[in-house]
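Structural overview
Listed below, chain by chain, are the residues.
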Amino acid sequence: MSDIADRVRKIVVEHLGVEEEKVTENASFIDDLGADSLDTVELVMAFEEEFGIEIPDDAAETIQTFGDAVKFIKEAQQ
Amino acid sequence: MFDLTGKTALITGASGGIGAEIARVLHGAGATVGLSGTRVAPLEELAGELGARAHVLPCNLSEKEEVDGLPKKAAEAMGSVDILVNNAGITRDNLFMRMSDEEWQSVLDVNLTAAMKLSKGVLRGMMKARWGRIVNISSIVGATGNPGQGNYAAAKAGLIGMSKSLAYEVATRGITVNAVAPGFIETAMTEKLTDDQKAGILGQVPMGRMGTPQEIAAAVLYLSSPEAGYVTGATLHVNGGMAML
């Protein structure tokens, strides 16, 4: 389980160039981590590839925070 | 200059006069080309003429499923799509007051909606690569209007607004989106005009002649090239001075 969180965190850190400590459960990609709307699209693309899942557009819009992403991916993999 | 070695380009409407010439010129600059179109025979013929680095990718842009599948098909055939040229276009001319919903919709579907879907389909790869070129073939009538072409002019003007909006969104990713707006060009479409009609049109063209498909292809080559990396959201008018915009 924590493995998923680590992998998601790694992607976020690499893509947004932020420090690992800042990527907390409730950290919002846009408000806290400096992402713009296109960055969030790219993050979703990166999650899809890393985890071999498909995240439809309407679901992607609900992924606002690091915690949202981890939760979505965990559910998608079940 | 304008070297496309190692780049891959998907060209729609490659069975037509302008599309085929765009494919020849991009291929001549070193690109691998994906030739898309409805009619397979002329595409096969063109691929045979070009030799290596040419792939035939038949697609009827009126069919939703075929449009949705084309970016993937192109990426599978060529490894990626670095350059997309939305060239395919149809006409269903009629007086506005007589124009049917079907005439309107079919032109919007092929000339505008397909370009949107294909652009969307190739963007993922371009964003990852941090490099991409989308060139939409608009038309002078998208800027000036033309009697009998309300549908066509709307679609061609729509391509320009779409290009500019998308250009804003993806500029930081090394992707440019531009339009080329041809004037009157020697093609099968203009061959059907009578001598009187041609004389009437040429009277409005300062150059006093029709343009050639090669002159459109040269504009596309420029906008597809690494050298045009700072040009985005632009419309390059190639019309012999017919409308100086």
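Residues numbered from 1 in each chain as written. Chains lettered and ligands numbered in written order. Predicted model: local features only at pLDDT ≥ 70, side-chain atom pairs only at ≥ 80, totals over all residues. Heavy atoms only, no water.

1. Some words on the UniProt feature "active site" (unreviewed entry) in chain B
All names here are of chain B. Rules: UniProt positions are given in the numbering used here, feature names are shortened, and annotations may be inferred rather than shown by experiment. Three labels apply to residues, based on accessible area from a 1.4 Å probe with only protein chains included: buried if under 20% of the type maximum, exposed if over 50%, partly exposed otherwise in between. The criterion used for residue contact is that any of the two residues' heavy atoms lie within 4.5 Å.
In the numbering used here, UniProt assigns the feature "active site" (unreviewed entry) to Y152. When its relative accessible area of 11% is taken as the criterion, Y152 is described as buried. Beyond its immediate stretch of four places on either side in the chain, Y152 contacts I90, T91, V107, N111, S139 and V141.

2. Structural notes on the packing of aromatic side chains
Residues and elements named next belong to chain B. For clarity, the threshold we go by: Centre distance within 6.5 Å is the pairing criterion for rings of Phe, Tyr and Trp, where only the six-membered ring of Trp is used; planes under 30 degrees apart are then read as stacked, over 60 as edge-to-face, and the remainder as tilted. Strands are runs of DSSP state E lasting at least 2 residues, helices are runs of H or I lasting at least 4, and numbering of each runs from the N terminus.
For the structure shown, the criterion picks out one aromatic pair over all chains. Aromatic side chains F2 and Y222 sit 5.8 Å apart centroid to centroid with 80 degrees between the ring planes, which places their arrangement in the edge-to-face category. One end of the pair, F2, is in the segment before β1 (8–11); the other, Y222, is in helix α9 (residues 213–224), and 220 residues separate them in sequence. Note on F2: relative accessible area 26%, which makes it partly exposed.

3. Remarks on helix α6 (residues 150–170) of chain B
Heads up, the condition is: Here, expected helix span is obtained from the residue count minus one, scaled by 1.5 Å.
Taking 1.5 Å of rise per residue, 21 residues should cover 30 Å, and α6(B) covers 30 Å from first to last C-alpha, within 8% of that figure. What α6(B) keeps buried is the set B:N151, B:Y152, B:A153, B:A155, B:K156, B:L159, B:I160, B:M162, B:S163, B:L166, B:A167 and B:V170. Along its buried surface, α6(B) packs onto α2 (37–51) of chain A together with α4 (101–129), β5 (132–137), α5 (140–144), β6 (175–182) and β7 (235–238) of chain B.

4. Let's talk about the pattern of salt bridges
This is how the line gets drawn: A pair is scored as a salt bridge if a Lys or Arg side-chain nitrogen falls within 4 Å of a carboxyl oxygen belonging to Asp or Glu.
As enumerated under the stated definition, the model contains 17 salt bridges over all chains in all. Its salt-bridge partner being A:E14, residue A:K10 comes within 3.4 Å of it at the nearest N-O pair. With A:K10 and A:E14 both in helix α1 (residues 2–16) and four residues apart, this pair spans about one turn of that helix. Across this residue pair, the class does not change: A:K10 and A:E14 are exposed. Measuring nitrogen to oxygen at the nearest pair gives 3.2 Å for the salt bridge that ties B:D68 to B:K64. In this pair, B:D68 and B:K64 are both assigned in helix α3 (residues 64–78), four residues apart and thus about one turn of the helix distant. Classification of B:K64 by relative accessible area gives partly exposed; the value is 48%.

5. Remarks on the UniProt feature "domain: Ketoreductase" (unreviewed entry) in chain B
Following the UniProt record, the feature "domain: Ketoreductase" (unreviewed entry) maps to residues 7–188 of chain B here. Each end of residues 7–188 of chain B is marked by a C-alpha atom, and these two atoms are 30 Å apart; helix forms 52% of the span and strand 18%.

6. Brief notes about the interface of chain A and chain B
It is common to report an interface's size as the accessible area lost on association of the parts. The condition is simple: Buried area is understood as the total, over both parts, of accessible area removed when two parts are fitted together, assessed with a 1.4 Å probe. Here a polar contact means two N or O atoms within 3.5 Å. Within protein one must be a hydrogen donor candidate and the other an acceptor candidate, and residues neighboring in sequence count only if both atoms are side-chain atoms.
Residue-level contacts link nine residues of chain A with eight residues of chain B. In total, chain A and chain B occlude about 740 Å² of area from one another, counting both sides; carbon and sulfur atoms represent 45% of this. Counting the contacts that link chain A with chain B gives six salt bridges. At the surface where chain A touches chain B, the tally comes to five residue pairs in polar contact (both at pLDDT 80 or more). With six residues, α2(A) is the single largest residue contributor to the side of chain A that touches chain B.

7. Focus: the nonpolar core
All names here are of chain B. Our working definition: What is meant by a nonpolar core is a set of buried Ala, Val, Leu, Ile, Met, Phe, Trp, Tyr and Cys residues, joined one to another through side-chain atoms within 4.5 Å.
Among the nonpolar cores identified, the biggest contains 32 residues, and I11, I22, L26, V33, L35, V85 and V180 are the most heavily contacted of them. Among the elements that make up this core, the one with the highest residue count is α9 (six residues). Setting aside residues up to four positions removed in sequence, L26 forms contacts with L4, A9, I11, A31, V33, V85, L221 and S224. In terms of nonpolar packing, the next biggest core, distinct from the first, is built from 26 residues, L61, A74, M78 and L84 among them.

8. A word on the sheet that holds strand β3 (residues 54–58) of chain B
All names here are of chain B. Short version of the rule: If DSSP finds at least two bridges between two strands, the strands pair. Working convention: axes come from line fits to C-alpha atoms, limited for helices to the stretch in contact. Angles between N-to-C directions cover 0 to 180 degrees.
Strand order in the open sheet made by the seven strands is β3-β2-β1-β4-β5-β6-β7, with parallel pairing throughout. Here the strands that pair on one side only, and so sit at the sheet edges, are β3 and β7. Recorded for the sheet is a direction-independent mean angle of 15 degrees between the axes of neighbouring strands. Strand direction decides the pairing type here: strand β4 (residues 83–86) and β5, joined by four bridges, are parallel.

9. Description of the packing of α2(A) against α4(B)
Inclusion rule: In what follows, roughly perpendicular refers to angles from 65 to 115 degrees, roughly parallel to angles under 35, roughly antiparallel to angles over 145, and oblique to any angle outside these ranges. When residue character is reported, Ala, Val, Leu, Ile, Met, Phe, Trp, Tyr, Cys and Pro are called nonpolar, Asp, Glu, Lys and Arg charged, and the others, Gly included, polar.
Where α2(A) contacts α4(B), the two axes come as close as 11 Å, and the packing angle between them is 95 degrees. In terms of their interaxial angle, α2(A) and α4(B) are classed as roughly perpendicular. Along the contact surface, α2(A) presents A:L38, A:E42, A:M45, A:E48 and A:E49, while α4(B) presents B:R124, B:M127 and B:K128. Counted by class, the contact of α2(A) with α4(B) contains three nonpolar, no polar and five charged residues.

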